[in-house]
Each structure stands twice: as C-alpha cells, then as structure tokens.
Amino acid sequence: MITEHAILQVKEGESADFERSFLQAQTIIASMKGYLGHELHRDVETAGRYLLLVRWETIEDHQIGFRQSAAYREWSRLLHHFYYPFPEVTHFTRIV
C-alpha cells in the first residue's frame, strides 16, 4: 500500500468553496482502480491549509492510472484553481 501525501494551500477566502468542490471531487478519486481510501484534514493553525492523504494499492495506480485518466482532468478542473502555490505530492509506504 502507498499513501499519497499533499499539503494543499488554498487561496485566501476560498476555503468554503474548496471544501464544497472537494465533496464532489472525492467521488472521482474513489472510483479509480487501486484506490483504498482518503482523508482530508484542515489545519487548525494555518488558515487555508489542508492535508490530503490518499491510500493506493500501488504508486502506479496513482501516477499512471489516475493521473493519466480523463477522471484526473475533471478532478483538476474542480480543484486545481484553488491552490497557491501548487502542492508537492509525495508517496510513502508504511513501515510500522
């Protein structure tokens, strides 16, 4: 299992709209092959900052299966305009 990790900085004043859009977008990612689950957390100390964790069976399920799909283009349309700067996405595997 791989955990995708992204810190999302949402533009000032757009958090409520982002959260509404994310509710719609999460159904897209949940439909993808290899998807195991996700969590979105709001930072309690920094306004507009979120932590997105997505669990995938393999890194290829995320980087190829999702990122190269038409579903990803819709995900991008719904969410990417909220971010500044654009998030760095990293992948982790569980040790303990």
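Before reading further, recall that the structure is shown in the block above.
Residues numbered from 1 in each chain as written. Predicted model: local features only at pLDDT ≥ 70, side-chain atom pairs only at ≥ 80, totals over all residues. Heavy atoms only, no water.

(A) Looking closely at the environment of Arg73. Structurally, Arg73 can be placed in helix H3 (residues 70-79). The sequence separation of Arg73 and Leu40 amounts to 33 residues, and the corresponding C-alpha distance is 20 Å. (Helix = DSSP H or I, 4+ residues; strand = E, 2+ residues; numbered from the N terminus.)

(B) Focus on helix H2 (residues 59-66). For H2, every residue scored as buried is listed here: Asp61, His62 and Phe66. One side of H2 carries all its buried residues, which in axial view fall inside an arc of 100°. Looking at the buried side of H2, the elements it contacts are strand S1 (2-9), helix H1 (15-30), strand S3 (49-56), H3 and strand S4 (89-93). (Buried < 20%, exposed > 50% of the residue type's maximum accessible area, 1.4 Å probe, protein only. Arc of directions from axis to C-beta. Contact = heavy atoms within 4.5 Å.)

(C) Local environment of the packing of aromatic side chains. This structure, assessed with the given rule, holds 10 aromatic pairs. Ring centres 5.9 Å apart and planes at 65° place the aromatic pair Phe18 and Tyr83 in the edge-to-face group. Here Phe18 is found in helix H1, whereas its partner Tyr83 is found in the loop between H3 and S4, with 65 residues between them in sequence. The residues Phe18 and Tyr83 share a single accessibility class, namely buried. Plain terms: the ring middles of Phe22 and Trp75 are 5.8 Å apart, the flat faces sit at 70° to each other, and that makes the pair edge-to-face. Residue Phe22 is found in helix H1, and its partner Trp75 is found in helix H3; the two are separated by 53 residues along the sequence. For the pair shown, Phe22 and Trp75 are each scored as buried. (Phe/Tyr/Trp six-rings, centres within 6.5 Å; stacked < 30°, edge-to-face > 60°.)

(D) Layout of the pattern of salt bridges. Using the criterion set out here, one finds 6 salt bridges in the structure. Residue Arg20 is joined to Asp17 by a salt bridge in which the shortest nitrogen-to-oxygen separation is 2.3 Å. Of the two residues, Arg20 and Asp17 are both situated in helix H1; the distance of 3 residues between them amounts to about one turn of the helix. Here Arg20 falls in the exposed class, since its relative accessible area comes to 53%. A salt bridge links Lys33 to Asp61; the nearest nitrogen and oxygen atoms lie 3.1 Å apart. Pair noted here: Lys33 is in the loop between H1 and strand S2 (35-42) and Asp61 is in helix H2, with a separation of 28 residues, a long-range link. (Salt bridge = Lys/Arg side-chain N within 4 Å of Asp/Glu carboxyl O.)

(E) Examining the sheet that holds S2 more closely. Spatially, the 4 strands line up as an open sheet ordered S2-S3-S1-S4, and their pairing is antiparallel. Unpaired on one side and paired on the other, S2 and S4 mark the two borders of the sheet. Across this sheet, the average inter-strand angle for adjacent strands is 20°, counted without regard to direction. Examined bridge by bridge, S1 and S3 share 8 bridges and lie antiparallel to one another. Among the inter-strand pairings, Glu4 is bridged to a residue of S3, identified as Val54. H2 rests against S1, S3 and S4 of the sheet, and its axis sits at about 150° to S4. (Pairing = 2+ DSSP bridges. Axes fitted to C-alpha atoms, helices over the stretch in contact; angles between N-to-C directions.)

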